[in-house]
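Each chain, letter by letter, is given below.
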Amino acid sequence: MTCQTLLFSVNSRIATVTINRPDKLNALNGQAKSELRSLFTEIKTDNTVDVVILTGAGDKAFVAGTDIKELTVLNKETGREFSSKGQEVFDLIENLGKPVIAAVNGYALGGGCELALACHIRIASENAKFGQPEVNLGIIPGYGGTQRLARLIGRGRAMELILTGNQIDAQEALRVGLVNKVVPQADLLNTAMAMAQLIAGKGQIAVRMSLKAVNMTAESTLSEGQEREASLFGDCCDTADFKEGTAAFLEKRKPQWDKPTFKNA
Ligand code: COA
């Protein structure tokens, strides 16, 4: 697929998607959101891809938010639709069925922070800054941020970020659990790639089931989640990967995993 606002490459079953508007700090305009939707729809069923890394072009920004120019025309109805459509794109990423690692290489503000939140793992460079500054524009986060941020770092901390519009640096983001790891900027993509390779080396059916089970925590009670966990666990026990993984351990050798198809991910 040819994109104007995204770069895309696949190497050893790991896709890298780069939001590529560095002169606008990778702000998400309508075209970028539409291309993200199309590209991630393709990646979902692309059987050559096991793990995705999402990052921003340049050394200053991951994504500095939604493109503010495009906000100015919104009214009650179109604003609601704008938010819902953006949520759909970010939901697609969260429910991709394959791990998405955000390599946050600078500002992750507004929709940029929300985009990182929709990913499954976040690795930040030391210069990364996170924030939900929408309150400064007279709006609230509209791409799932009020929901995902509170679920990830707790309501109190999410409230503070959303109500003050303050930015936090990478170390503070690590301390509050917003990111998994902080590394020097020069090491960011290699670190993300190493984690992606580690995951790509596992049985992908189990990876997919793990994503499903952990994603459920956002919407289910403990007992509902555990019921689903038991069901997914049972599904895993019915796979060749399970037989192979346990046999390989007992025979002290590396497992040879199946490559699942992702049509129904
Ligand atoms: N939407 C549209 N354009 C944006 C943008 C956004 N969210 N964020 C940055 N840009 C553009 C700037 O307008 C500028 O474009 P120009 O060169 O044509 O004037 C360019 O990106 C560089 O940004 P600039 O503000 O000059 O960089 P800076 O280093 O001085 O400041 C930020 C960096 C991130 C602090 C600042 O750009 C900013 O506050 N951006 C908006 C963040 C925000 O509110 N996001 C949530 C939106 S809902």
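Residues numbered from 1 in each chain as written. Predicted model: local features only at pLDDT ≥ 70, side-chain atom pairs only at ≥ 80, totals over all residues. Heavy atoms only, no water.

## Some thoughts on the sheet that holds strand 2 (residues 14-19)
Taken together, six strands build an open sheet; the order of strands is 1-2-3-5-7-10 and the sheet is mixed. What marks the edges here is a single partner per strand, and that holds for strand 1 (6-11) and strand 10 (181-183). With strand direction ignored, the average angle separating the axes of adjacent strands in the sheet is 20 degrees. Across four bridges, strand 5 (residues 100-104) lies against strand 7 (residues 121-125) in parallel orientation. When the sheet's bridge partners are listed, V104 is paired in strand 7 with A124. Against the sheet, helix 1 (residues 30-44) engages strand 1, strand 2, strand 3 (51-56) and strand 5, with an angle of about 15 degrees to strand 1. (Pairing = 2+ DSSP bridges. Helix = DSSP H or I, 4+ residues; strand = E, 2+ residues; numbered from the N terminus. Axes fitted to C-alpha atoms, helices over the stretch in contact; angles between N-to-C directions. Contact = heavy atoms within 4.5 Å.)

## Observations concerning the environment of L178
One can find L178 in the loop between helix 6 (170-175) and strand 10. The class for L178 is buried, based on a relative accessible area of 1%. When residues no more than four places from it in sequence are discounted, the contact partners of L178 are L117, R122, F130, L149, L152, I153, I168 and A173. (Buried < 20%, exposed > 50% of the residue type's maximum accessible area, 1.4 Å probe, protein only.)

## With respect to unusual backbone geometry
At L25, a residue that is not glycine, the phi angle is positive and equals roughly 50 degrees. Summarising the element assignment, L25 is placed in the loop between strand 2 and helix 1. Judged by relative accessible area, L25 falls into the partly exposed class, the value being 25%. Even without being a glycine, K252 presents a positive backbone phi close to 55 degrees. Examined against the element boundaries, K252 turns out to sit in the segment after helix 10 (240-250). By relative accessible area, which is 77% here, K252 ends up exposed.

## A look at the sheet that holds strand 8 (residues 129-131)
Taking strand neighbours across the sheet as the criterion, the four strands line up as 4-6-8-9 in an open arrangement whose pairing is mixed. Looking along the sheet, the strands with just one partner apiece sit at the ends: strand 4 (61-63) and strand 9 (167-169). Averaged over all adjacent pairs, the angle separating strand axes in this sheet is 20 degrees, with direction ignored. Bridge count for strand 8 against strand 9 is three bridges, and the pairing is antiparallel. Residue pairing for strand 9: G131 is matched across the bridge by Q167.

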